[in-house]
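The primary structure of each chain is shown beneath.
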Amino acid sequence: MDSNKKTILAIETSCDETAMALVNAKGKAQSEKENTIPEFEILAEVVASQIDIHRPYGGVVPSLAKREHLKNLPIVFKKIENQYRNLAKAIDYIAVTVGPGLEPALWTGINFAKECAEKCKVPLVGINHLEGHIYSNWLPSKIFNGGTSAIPKINFPAIVLIVSGGHTILLHMESMKKWTKLGETQDDAVGEAFDKVAKMLGLPYPGGPEVERATHQIIGSPTSINSIIFPRPMLHSGDYNFSFSGLKTAVFYYIRSHAPLLSSQSNTSIPHICAGFQEAAIDVLVKKTMRAAEEYGAQSLLLCGGVASNIALQDAFRSAIGALRFAVSFHVPELQYNTDNAVMIAAAAYLGNQYPVDIARGNLTI
Ligand code: KG4
Ligand code: ZN
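Residues numbered from 1 in each chain as written. Chains lettered and ligands numbered in written order. Predicted model: local features only at pLDDT ≥ 70, side-chain atom pairs only at ≥ 80, totals over all residues. Heavy atoms only, no water.

Draft legend 1. Inspection of the coordination of the zinc ion (ligand 2) at higher detail. Of the protein atoms, only His129 (NE2), His133 (NE2) and Asp340 (OD) coordinate the zinc ion (ligand 2), at distances of 2.0 to 2.1 Å. Here the donor residues of the zinc ion (ligand 2) share one chain and are spaced in sequence as H-x3-H-x206-D. On the criterion of sequence distance, the pair formed by His129 in helix α5 (residues 129–135) and Asp340 in the loop between α11 (335–338) and α12 (343–351) is long-range, its members being 211 residues apart. (Donors = N, O, S within 2.8 Å, 3.2 Å for Na, K, Ca; no water. Helix = DSSP H or I, 4+ residues; strand = E, 2+ residues; numbered from the N terminus.)

Draft legend 2. The arrangement of the environment of Val76 in detail. Structurally, Val76 is set in helix α2 (residues 62–83). Among the residues examined, Val76 registers a relative accessible area of 2% and is labelled buried. Apart from the residues lying within four places of it in its own chain, the contact partners of Val76 are Thr18, Met20, Val46 and Ala48. (Buried < 20%, exposed > 50% of the residue type's maximum accessible area, 1.4 Å probe, protein only. Contact = heavy atoms within 4.5 Å.)

Draft legend 3. Layout of helix α6 (residues 190–200). Those residues of α6 that sit buried are Val190, Gly191, Ala193, Phe194, Val197 and Ala198. Taken down its axis, α6 places every buried residue within 160° of arc, on the same side. Those residues of α6 hidden inside the fold are in contact with β6 (158–163), β7 (168–175), α7 (207–215), α8 (245–258) and α9 (270–295). (Arc of directions from axis to C-beta.)

Draft legend 4. Region of interest: the site of ligand 1. Looking at ligand 1, there are 21 residues lining it, with Gly165, Asp195, Gly208, Glu212 and Gly306 nearest. Here Gly191 contributes a backbone N or O atom positioned 3.1 Å from an oxygen atom of ligand 1. When the free accessible area of ligand 1 is taken as 560 Å², the share hidden by the protein chains comes to 89%. Those elements that place two or more of their residues in the shell around ligand 1 are α5, α6 and α7. Looking at which element gives the most residues to the shell around ligand 1, the answer is α7, with four residues. Across the shell around ligand 1, the residue classes tally to four nonpolar, 14 polar and three charged. (Near = heavy atom within 4 Å. Polar contact = N/O pair within 3.5 Å; in protein donor to acceptor, adjacent residues only side chain to side chain. Areas by Shrake-Rupley, 256 points an atom, 1.4 Å probe, with all protein chains shown as cover. Nonpolar A, V, L, I, M, F, W, Y, C, P; charged D, E, K, R; others polar.)

Draft legend 5. Representation of the sheet that holds strand β4 (residues 93–99) within the structure. Reading across from one edge, β3-β2-β1-β4-β5 is the order of the five strands in this open sheet, with mixed pairing throughout. Two strands lie at the open edges of the sheet, namely β3 (39–49) and β5 (124–128), each paired on one side alone. Averaged over all pairs of adjacent strands, the angle between strand axes in this sheet comes to 25°, irrespective of strand direction. Sheet analysis places strand β1 (residues 6–12) next to strand β2 (residues 17–26), joined by seven bridges and oriented antiparallel. Bridge pairing in β2 places Ile11 opposite Met20. Lying on the sheet, α2 is in contact with β1, β2 and β3; it crosses β2 at an angle near 35°. In this fold helix α4 (residues 103–120) packs onto β1, β2, β4 and β5, with an angle of close to 160° to the strand it touches most, β4. (Pairing = 2+ DSSP bridges. Axes fitted to C-alpha atoms, helices over the stretch in contact; angles between N-to-C directions.)

Draft legend 6. Representation of the pairing of β2 within the structure. Most of β2 is tucked away: nine of the 10 residues are buried. Hairpin connection from β1 to β2: four residues lie between these consecutive antiparallel strands. Both β2 and β3 contribute to a ladder of 10 bridges, which runs antiparallel. If you follow Thr18 over to β3, its bridge partner there is Ala48.

Draft legend 7. The arrangement of the environment of Ala44 in detail. For Ala44, the position within the fold is in strand β3. Under the relative-accessibility criterion, Ala44 is labelled buried at 1%. Sequence spacing of Ala44 and Lys79 is 35 residues, and the spatial spacing of their C-alpha atoms is 8.7 Å. Once residues lying within four places of it in the same chain are set aside, the contact partners of Ala44 are Met20, Ala21, Leu22, Ile80, Gln83 and Tyr84.

Right, here's the structure in full:
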């Protein structure tokens with residue numbers, strides 16, 4: 001019997017998803033032994049998305065997010081109970097996101113988690129949402145017969161790129177709990193840039209998947225070679241920081257000067273702009289990350305956060321890794337664990353750091 005085995009109820013409300021999950025975690029990872037593989041079994045999971053509520057505003061409205069979380073939390077909890085009978089008896093501890101994120105939204109999850117912990121008489125721990133994204137790489141993948149595949153072993157040192165709506169961070173990870181931040185965005189996060197470019201083009205929120213979908217109309221077609229060349233900010237800055245605000249502005253001026261042509265079939269159409277923007281963003285992300293992988297002799301490369309769902313970004317990493325002179329394994333979580341979810345919060349509770357739950361930490365970083 002594994003004495004480290006824990007059943008964790010995880011709660012995530014940092015932005016516009018009310019998410020809860022019940023997860024069995026085992027393996028010796030908590031003792032920092034590098035040669036053991038942690039195992040996660042997902043017993044129940046629910047994500048209640050608020051996208052439809054925020055879409056008319058073109059982004060997340062914090063007061064609406066709070067209202068929706070308050071409404072959804074008891075409903076989501078009930079659904080978890082329906083998926084797993086005897087829930088209260090099974091839980092070893094509860095984990096809740098304490099930051100970073102929208103403070104009014106974070107508070108709803110923290111307060112709900114406190115009530116649950118009192119009722120179930122179990123400990124409550126605070127979790128860093130960004131660590132949730134990092135450790136989502138240790139979650140199992142679903143396979144065809146409905147089971148889950150074994151988790152691939154992740155060897156250290158690893159380079160981790162977190163790309164979400166609020167963050168763009170590059171980390172050098174020496175062991176399961178030890179990392180150094182190499183760089184981060186100096187202005188907009190890459191997901192935010194995707195969302196803003198989509199908005200400029202009249203595409204719905206969240207813009208990332210919309211921009212990617214638009215590129216499919218031309219990528220692989222003869223006009224894709226004419227895609228617009230946008231600047232690659234900070235590509236040669238010599239450090240590991242990023243900037244996406246200038247790229248977004250370049251797209252804005254391009255749209256303004258080509259407005260009359262946008263709806264036409266010319267090579268300045270919306271798909272061309274999306275492709276040009278996406279290529280520029282991917283180029284910077286991949287080149288800087290690969291430079292870090294070479295400098296630190298990485299054995300693994302981990303991609304995570306909402307933007308990690310982008311297939312063109314994943315493919316660009318795969319081909320850049322293929323061109324290296326040394327072997328690097330590439331890891332990216334399943335689609336549903338890239339965007340915000342509670343399963344990753346359970347993984348972070350088991351593998352990462354635990355924070356106090358006395359306050360919502362909107363600007364928490366790693
Ligand atoms: O991790 P996440 O769900 O929430 C935050 O922690 O911010 O990331 C959401 C971000 C949004 O900006 C969304 O547009 C972006 O991830 N995103 C994508 C794609 N899917 C989601 N960006 C580019 N391509 C995608 N396929
Ligand atoms: Zn996130």
